[in-house]
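The chain contents come next:
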Amino acid sequence: TEAGLPHRGRAVGGVSSGPTGSRAFSTHPPHQHELSGCFFPGEALGAIGDPEVLELLKQYSSDPVIEVAETCQLAVRRLEWLQQNGGELAAGPYLSVDPAPPAEERDVGRLREVLLDESRPLFERYRAMFALRNAGGEEAALALAEGLHCGSALFRHEVGYVLGQLQHEAAVPQLAAALARCAENPMVRHECAEALGAIARPACLAALQAHADDPERVVRESCEVALDMYEHETGRAFQYADGLEQLRGVPS
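Residues numbered from 1 in each chain as written. Predicted model: local features only at pLDDT ≥ 70, side-chain atom pairs only at ≥ 80, totals over all residues. Heavy atoms only, no water.

1. With respect to the overall build of the protein
Using the following cut-off: In this text, helices come from DSSP runs of H or I with a minimum length of four residues, and strands from runs of E with a minimum of two, each type numbered from the N-terminal end. Exposed residues in this analysis have more than 50% of their type's maximum accessible area, buried residues have under 20%, and partly exposed residues fall in between, with area computed by a 1.4 Å probe over protein chains only. In what follows, residue pairs with any heavy atoms lying within 4.5 Å of each other are defined as contacts. To be clear on the numbers: accessible area is Shrake-Rupley with a 1.4 Å probe, and residue cover counts the displayed protein chains and nothing else.
Looking only at helices and strands, the protein has 12 helices and 0 strands in total. Mapped from its N terminus to its C terminus, the protein presents α and β elements in the order α-α-α-α-α-α-α-α-α-α-α-α. For the protein, the residues scored as buried account for 50% of the 252 residues in total. Within the protein, residue pairs in contact and separated by at least 24 positions form 67% of the contacts whose partners lie at least 6 positions apart. About 12600 Å² of surface is accessible on the protein, with carbon and sulfur atoms providing 51% of the total.

Laid out in structure tokens, this is it:
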């Protein structure tokens with residue numbers, strides 16, 4: 001769908017961060033399966049767009065956990081960009097509140113170069129990522145899929161998420177390969193699984209079923225959710241996760 005998939009940390013906005021925002025950050029290095037709980041609060045604080053959280057985000061921009069540090073660095077750059085550009089982002093084709101505005105560049109080839117250039121600031125690469133997503137089409141999907149082989153786990157996880165929004169079949173082989181890499185960060189594999197569920201082609205089904213019993217819990221559960229998404233995308237139901245509505249229709 002054009003609106004794509006909502007992200008756990010993307011639907012925030014217009015909410016006070018409050019004085020307890022720092023409690024969202026762990027004070028000890030997390031295990032891999034805990035990483036989502038560490039970097040999503042930083043992303044959410046940046047998405048809220050309140051300048052009052054800027055100092056807190058700067059404090060955690062040098063966190064020893066690279067995913068936390070990079071998330072906060074992106075959030076700082078997003079807030080600074082908003083301050084420099086009137087405090088608002090133009091409405092895009094997706095409903096998500098993204099950690100960076102899309103780049104103004106429209107040439108897919110040049111955007112690909114920026115996306116994959118690890119010498120560039122992460123914020124610039126994210127801007128290229130969202131511009132490619134908004135451009136859509138096979139060339140953009142293939143360029144994004146190349147990003148699954150570079151950058152940090154945070155970067156690759158975001159690429160997986162964006163490909164799930166784009167829902168282009170051309171990215172399926174790269175997503176399936178990333179899901180199958182047992183050495184990959186579990187949160188990257190999680191996003192790739194959900195992207196495959198959203199794309200919902202036969203090759204996606206095979207990849208998800210192959211990892212439905214994965215020893216990594218977050219991957220296993222993500223495949224379970226993605227298989228449910230696949231069923232929704234290939235079925236007739238209008239609303240995803242509509243179990244309550246279905247129960248209401250059962251005669252007592």
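2. A few points about a negative patch on the surface
The condition that has to hold: The patches reported here contain residues having more than 30% relative accessible area and no salt bridge. Joining distances are 9 Å for like charges and 5 Å for nonpolar side chains (Val, Leu, Ile, Met, Phe, Trp, Tyr). The term salt bridge refers to a side-chain nitrogen of Lys or Arg lying within 4 Å of a carboxyl oxygen of Asp or Glu. Positive charges come from Lys and Arg, negative ones from Asp and Glu, while His and the chain ends are left out of the count. In plain terms, the charge of a residue is placed at NZ if it is Lys, CZ if Arg, CG if Asp and CD if Glu.
On the surface, a cluster of negative charge is made up of Asp107, Glu113, Glu138 and Glu139. Tracing the chain through its elements places Asp107 in the loop between α3 (66-84) and α4 (108-116). A relative accessible area of 32% places Asp107 in the partly exposed class.

3. Remarks on the packing of helix α6 (residues 138-146) against helix α7 (residues 153-166)
Note the cut-off: To define axes, lines are fitted to C-alpha atoms, for helices over the stretch in contact only, and angles between the resulting N-to-C directions are given on a 0 to 180 degree scale. Small angles under 35 degrees read as roughly parallel and large ones over 145 as roughly antiparallel, with 65 to 115 read as roughly perpendicular and the rest as oblique. A crossing counts as left-handed when the near helix is turned anticlockwise from the far one by less than a right angle, and as right-handed when that turn is clockwise.
Running from amino to carboxyl end, α6 crosses α7 at an angle of 160°, the nearest separation of the two axes being 9 Å. With respect to α7, the element α6 is oriented roughly antiparallel. Of the two possible hands of crossing, α6 and α7 adopt the one that is left-handed. Counted together, Ala141, Leu144 and Ala145 of α6 and Val159, Val162, Leu163 and Leu166 of α7 form the full contact between these two elements.

4. What about the confidence of the model for the protein?
Operational definition: Confidence of the predictor in every single residue is expressed as pLDDT, which spans 0 to 100.
Put simply, the protein has an average pLDDT of 81, and 73% of its residues get 70 or more. When the criterion is pLDDT under 50, residues 1-38 qualifies, and its contacts beyond four places in sequence or with other chains add up to 74 contacts.

5. Some words on the environment of Ala200
Mapped onto the elements of the fold, Ala200 is located in the loop between α9 (186-199) and α10 (202-210). For the pair formed by Ala200 and Glu233, sequence separation is 33 residues and the distance between their alpha carbons is 6.3 Å. Apart from residues no more than four positions distant in its own chain, Ala200 is found in contact with Tyr230, Glu233 and Thr234.

6. Considerations on unusual backbone geometry
At Gln167, a residue that is not glycine, the phi angle is positive and equals roughly 55°. As for its placement among the helices and strands, Gln167 is situated in the loop between α7 and α8 (172-180).

7. What about the nonpolar core?
Heads up, the rule is: Nonpolar cores were defined as sets of buried Ala, Val, Leu, Ile, Met, Phe, Trp, Tyr and Cys residues, with membership established by side-chain atoms within 4.5 Å. Annotation comment: domain bounds sourced from an automatic or database domain assignment.
One finds Tyr126 and Leu175 to be the most contacted residues of the largest nonpolar core, which totals 54 residues. Residue contributions to this core reach at least three from each of two domains, namely domain 1 (38-88) and domain 2 (89-234). In this structure, Leu175 is in contact with Leu148, Gly160, Leu163, Cys192, Ala195, Leu196 and Ile199, ignoring residues within four places of it in sequence. In this structure, Leu54, Leu56, Val65 and Cys72 belong to the second largest nonpolar core, which totals 11 residues.

8. Concerning the packing of α3 against helix α5 (residues 122-135)
For clarity, the cut-off: Ten residue types, Ala, Val, Leu, Ile, Met, Phe, Trp, Tyr, Cys and Pro, are classed as nonpolar, four, Asp, Glu, Lys and Arg, as charged, and the remainder, Gly among them, as polar.
At their nearest, the axes of α3 and α5 sit 10 Å apart, and the two run at 75° to each other. When the axes of α3 and α5 are compared, the pair comes out roughly perpendicular. On the side of α3, the interface is formed by Glu70, Leu74, Arg77, Arg78 and Trp81, while α5 contributes Leu122, Phe123, Tyr126 and Arg127. For the contact of α3 with α5, the residue count by class is 5 nonpolar, no polar and 4 charged.

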